[in-house]
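Read off the chains here:
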Amino acid sequence: MSLHDDAVLVLKSYEDQEELRQAYLDHLCEHPDGTWKSCPSGHVTASALVIDPPHGRVLLTLHRKLQMWLQMGGHCEPDDVTLAAAALREATEESGIPGLTLLPGGPVRLDRHPIPGPCTQHLDVQYAALAPEGAQAAISDESLDLRWFTYDEVADVADDSVVRLVEATRARL
């Protein structure tokens, strides 16, 4: 099965955000390359909010290019066989934390956002990743900073899309 096929299956089984979910499916139907960065009209990305429920906190990265506090995530790679695998790979690479596991139940949210050209938009499929006990984060080249924030602190540092992701993740817990 291709990553494109997996993305379609994941989105068909996702039960929230019906209008946005359908827009993602329409995009993939119209663009066989819709999971790849090279698709000029937009592409699916995969991200994961790293969460530490026992301590009531999430790990955010200060994105090098965007200079915003965000969850870990990015473009799908040729070796990614599923969106979940892409999200977990991105979270592990950007957090430096081995042993992350995705929260069961598939994606937590979808978030479509415009990006500077030549591509026009990211169609982000957002998961949540549970940090193992005693996890130690290590900053990557893609980040300016990496920091744990309590649930209540997120609204003070991140935009509404991250706040909604934290809320949806906490509701899933």
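Residues numbered from 1 in each chain as written. Predicted model: local features only at pLDDT ≥ 70, side-chain atom pairs only at ≥ 80, totals over all residues. Heavy atoms only, no water.

1. Quick notes on the environment of His43
Turning to step 1, where the next piece is worked out: Summarising the element assignment, His43 is placed in strand 1 (residues 43-52).
Turning to step 2, where the next piece is worked out: Along the chain, His43 and Asp80 lie 37 residues apart, while their C-alpha atoms are 15 Å from each other.
Turning to step 3, where the next piece is worked out: At a separation of 3.1 Å, a polar atom in the side chain of His43 contacts the side chain of His75. (Helix = DSSP H or I, 4+ residues; strand = E, 2+ residues; numbered from the N terminus. Polar contact = N/O pair within 3.5 Å; in protein donor to acceptor, adjacent residues only side chain to side chain.)

2. Comments concerning the packing of aromatic side chains
Turning to step 1, where the next piece is worked out: By the definition in use, this model includes one aromatic pair.
Turning to step 2, where the next piece is worked out: Seen in terms of ring centroids, Trp69 and Phe149 are 5.0 Å apart; in terms of plane orientation they differ by 80°. Their pairing is edge-to-face. Here Trp69, found in strand 3 (residues 69-70), pairs with Phe149, found in strand 8 (residues 143-150); they are 80 residues apart in sequence, far enough to count as distant. Like Phe149, Trp69 is buried.
Turning to step 3, where the next piece is worked out: Sitting over the face of the ring of Trp148, Arg57 holds its NZ or CZ atom 4.0 Å from the ring centroid. (Phe/Tyr/Trp six-rings, centres within 6.5 Å; stacked < 30°, edge-to-face > 60°. Buried < 20%, exposed > 50% of the residue type's maximum accessible area, 1.4 Å probe, protein only. Lys NZ or Arg CZ within 6 Å of the ring centre and 35° of its normal.)

3. Quick look at the confidence of the model for the protein chain
Caution applies to low-pLDDT parts of the model: their predicted coordinates are not meant to be read in detail.
Turning to step 1, where the next piece is worked out: Across the protein chain, the average pLDDT comes to 95, with 100% of residues at 70 or higher.
Turning to step 2, where the next piece is worked out: Confidence, read as mean pLDDT per element, is least for strand 6 (residues 109-114) in the protein chain (92) and greatest for strand 5 (residues 101-102) (98). (pLDDT = per-residue confidence, 0-100.)

4. Comments concerning the side chain of Ser140
Turning to step 1, where the next piece is worked out: Considering the arrangement of structural elements, one finds Ser140 in the loop between strand 7 (121-130) and strand 8.
Turning to step 2, where the next piece is worked out: Look at Ser140 and you get buried, because its relative accessible area is 15%.

5. Considerations on the pairing of strand 6
Turning to step 1, where the next piece is worked out: Bridge count for strand 6 against strand 7 is six bridges, and the pairing is antiparallel. Bridge pairing in strand 7 places His113 opposite His122.
Turning to step 2, where the next piece is worked out: Connecting strand 6 to the next strand, strand 7, in antiparallel fashion are six residues. (Pairing = 2+ DSSP bridges.)

6. Observations regarding the nonpolar core
Turning to step 1, where the next piece is worked out: By size, the foremost hydrophobic cluster in this structure holds 31 residues, and its most contacted members are Val50, Leu83 and Val125.
Turning to step 2, where the next piece is worked out: Residue contributions to this core peak at five residues, all from helix 1 (residues 3-13).
Turning to step 3, where the next piece is worked out: Every residue in contact with Leu83, bar those within four places of it in the chain, is listed here: Leu3, Asp6, Ala7, Val10, Val44, Ala46, Cys76, Val125 and Tyr127. (Core = buried A, V, L, I, M, F, W, Y, C linked by side-chain atoms within 4.5 Å. Contact = heavy atoms within 4.5 Å.)

7. Observations concerning the environment of Gly56
Turning to step 1, where the next piece is worked out: Among the secondary structure elements, Gly56 is positioned in the loop between strand 1 and strand 2 (57-63).
Turning to step 2, where the next piece is worked out: C-alpha separation for the pair Gly56 and Leu130, spaced 74 residues apart in sequence, amounts to 12 Å.
Turning to step 3, where the next piece is worked out: With residues up to four places along the chain from it excluded, the contact list for Gly56 reads Phe149, Thr150 and Tyr151.

8. Re the pattern of salt bridges
Turning to step 1, where the next piece is worked out: Following the criterion strictly, the structure yields seven salt bridges and no others.
Turning to step 2, where the next piece is worked out: We note a salt bridge from Arg147 to Asp145, for which the minimum N-O separation is 2.5 Å.
Turning to step 3, where the next piece is worked out: On the basis of relative accessibility, which here comes to 21%, the residue Asp145 falls in the partly exposed class.
Turning to step 4, where the next piece is worked out: Within the structure, one salt-bridge network assembled from shared partners comprises Asp80, Arg89, Glu90 and Glu93. (Salt bridge = Lys/Arg side-chain N within 4 Å of Asp/Glu carboxyl O.)

9. Observations regarding the environment of Ser13
Turning to step 1, where the next piece is worked out: Within the secondary structure, Ser13 is located in helix 1.
Turning to step 2, where the next piece is worked out: Residues Ser13 and Pro107, 94 residues apart in the sequence, show an inter-C-alpha distance of 9.7 Å.
Turning to step 3, where the next piece is worked out: Of the polar contacts made by the side chain of Ser13, one reaches the backbone oxygen of Val10; its length is 3.0 Å.

10. Observations regarding the side chain of Thr169
Turning to step 1, where the next piece is worked out: Along the chain, the position of Thr169 falls in helix 5 (residues 160-172).
Turning to step 2, where the next piece is worked out: By relative accessible area, Thr169 is classed as buried at 0%.
Turning to step 3, where the next piece is worked out: For Thr169, the contacting residues outside a window of four places in its chain are Leu49, Ile51, Leu103, Val108 and Ala128.

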